[in-house]
Each structure stands twice: as C-alpha cells, then as structure tokens.
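Tertiary structure, described
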Amino acid sequence: MISFPNCKINIGLNILRRRPDGFHDIETLFCPVDLTDVLEFIPLHRNGNVNLTVSGLAVDCPPDKNLCIKAYELLKTEYNLPPLDVHLHKVIPSGAGLGGGSSDAAFMLNMLSDIFELHLKEDDLCEYASRLGSDCAFFIKNRPMLGFGRGNLFKEINPIPADLEIIIVHPGIHISTAEAYAGVIPAMPTEKLEKLISLPIEDWKDLIINDFEESIIRKYPLIGKLKTKFYEMGAIYASMSGSGSSVYGLFSGAAPSPGAHFPGMFTWKGKMMK
C-alpha cells in the first residue's frame, strides 16, 4: 500500500505554560499543506520484523528510531501484524517545523488499520498518535484545526479561504524542538488565537505571532530576512512554521514563482488544503 503523508503549517503559536509532565500547553492553528512524502509498505510472508529504507532528503534519526517504525511497533503490541518492508521517500525537510515525521507516523497508523482491517476509529487513531508525538494526532484529522493542550486536543474552525496560495521556504537550518523551547518564556496572550483568526487575513500580520520566532530569529537572522522577503513579494501573511526553520508566505490569488527569490534553498509553492 502507498500513501502520501502531507505536511502542515502553524498559523500563530502561543506557548501558554509548562506542564507538570514536562511538555507545554499551546494554542495554534494547524493547517495541512499538500507538500508530501511518499510512504509504502509490503507485508512479508515470513518470520521477522519491520525493515525501513529511506530515500530522498536526509532524515534526522536512525531507522529504528523513525516514527513510522514506532507506529508499527505500537500497534503490534496489541494486534497481530506481519513483518513489513517499509519504504519512505522524504520530500518534506526534517527539523523544519512542518511536522513531516509526525505525518509519516499518522499515515502509517491509518495504513496499518486499513490494510489489516483493525477497524480503528478516528478517536482510537488519535489516541495512538498522541503517544508518538505531540502533533501526530493532527495528521489523523488532517484538516484545519485549532490545537490545544500539547498540540493533541482540537477544535473545528471555519474553513480557510480556498483561493490562498502558499510558498514554503526551508533555509537548511535544523532546529530541534528542545532548542526552540529553550528560548521561550511561556505567557498567556492578550487575545485568544481563535478570536484573531476570525479577523480578515490582512489584519493578521500585526496580531498573530509565533512565540518561537523572536529567539529563533535572534539566533538565526536569515529566518527573519526570509519573512521580510515574503512581505516584499506581496504576501498578506508570513510566519515561521512551528519551531522552525521553515518560513511560509500566504498570498491572495496567484503567488509569484519562488525560485528566483530564494536561490539555493528548498522551496515549494501550492494551495492550502481544506
């Protein structure tokens, strides 16, 4: 079976408080984007375990630590799954704030449930996904959602305008989640994100922020320059996604070709997913 795990962007990201379990409570708007990896597995009719091969972009962990393998191992503790050959072709950059690894894991859970007729409901899959990573459960739902808790609790929102185009740029800087959180002091925002995203998108620029940006841009000024460049190109909103280092710009109508503006960097242009 083959699937195409997509990435996400965060529109706004507020770090509210540190939790007793060591995680942080956040609020953010998760939006799926049609930049995808390719994930395939084949059941093996012999004794053994799961084998993973990776092609495309480099991943930031050894195969046995990959979230696809962890997803398989998680379900195998409760279900009789056969050994698998898994191939992951990486297109979504790792350590980029786009959730590529989490998406791969969520799609793996869905594929295992479908192929082996585990009959797992969305809530069941979300619960398993939450054990793998804070934003994994979002990719089970895979539609624009307000995220709360540690990123694993959700609320439906009104659709994002369908005519928006997006450009994503990854400058090749790898930022770990631990590094990003080290520069943030949690605080309650003046206005809830849910209220701010209901405003016209033209108003978002001065109101909706990513709490990670200030310290990350101070450490990596190029990220701030990319954000400024998007506004020079006519974006109606631009931000770093998640804990970085990818930066995106939203455009009303057709977005310009990104290649000439960001030479030597990973770029992608497309539509927002509904």
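To be clear, the structure that these remarks concern was listed above.
Reference entry: report on the structure contained in this document. Nothing here was measured: the structure is a model prediction, and the numbers come from that model. (Residues numbered from 1 in each chain as written. Predicted model: local features only at pLDDT ≥ 70, side-chain atom pairs only at ≥ 80, totals over all residues. Heavy atoms only, no water.)

1. With respect to the sheet that holds strand 10 (residues 237-240)
Rules: A pair of strands is considered paired only if DSSP assigns at least 2 bridges between the two. By definition, any uninterrupted DSSP run of H or I lasting at least four residues is a helix, any uninterrupted run of E lasting at least two residues is a strand, and each is numbered from the N terminus. A fitted line through C-alpha atoms represents every axis, and for helices the fit uses only the stretch in contact; the resulting angles, taken between N-to-C directions, go from 0 to 180 degrees. The contact definition used throughout considers only heavy atoms, calling two residues in contact when any of these lie within 4.5 Å.
In space, the 4 strands of this open sheet follow the order 10-11-9-12, with antiparallel pairing throughout. Since the sheet does not close on itself, it has two edges, and those belong to strand 10 and strand 12 (266-271), each with one partner. Strand after strand, the sheet turns through a mean of 15° between neighbouring axes, direction not considered. Pairing between strand 9 (residues 164-170) and strand 12: 6 bridges, direction antiparallel. The residue bridging Ile167 from the neighbouring strand is Lys269, located in strand 12. The strands touched by helix 8 (residues 221-232) within the sheet are strand 9, strand 10 and strand 11 (247-252), with strand 11 carrying the most contacts at an inclination of about 10°.

2. Describing the packing of aromatic side chains
Given two aromatic rings, one states the distance between the centres and the angle between the planes to describe the pair. The cut-off we apply is this: Each Phe, Tyr or Trp ring (for Trp, its six-membered ring) is paired with any other whose centre lies within 6.5 Å, and the angle between the two planes then decides the class: stacked below 30 degrees, edge-to-face above 60, tilted in between. Only protein chains enter the accessibility calculation, which uses a 1.4 Å probe; a residue is then buried when its area is under 20% of its type maximum, exposed when over 50%, and partly exposed in between. By the criterion adopted, a ring carries a charge over it if an Arg CZ or a Lys NZ lies within 6 Å of its centre and within 35 degrees of its normal.
By the definition in use, this model includes 9 aromatic pairs. Both rings, one in Tyr181 and one in Phe212, keep their centres 4.9 Å apart while their planes meet at 85°; by these two values the pair is edge-to-face. With Tyr181 in helix 5 (residues 177-182) and Phe212 in the loop between helix 6 (193-196) and helix 7 (213-219), this pair connects stretches of sequence that are 31 residues apart. Residue Phe212 is classed as buried on the basis of its relative accessible area of 2%. Centroid distance Trp204 to Tyr237: 5.6 Å. Interplanar angle 90°. Geometry classified as edge-to-face. Highlighted residues: Trp204 in the loop between helix 6 and helix 7 and Tyr237 in strand 10, separated in sequence by 33 residues. Per residue, the accessibility class of Trp204 equals that of Tyr237, and both read buried. Put simply, the rings of Phe30, Phe138, Phe139 and Phe154 touch in pairs and so form one group of aromatic residues. Over the aromatic face of Phe23 sits the side chain of Arg150, whose NZ or CZ is 4.9 Å from the ring centroid. We note Lys205 situated over the ring of Tyr231; from NZ or CZ to the ring centre the distance is 4.2 Å.

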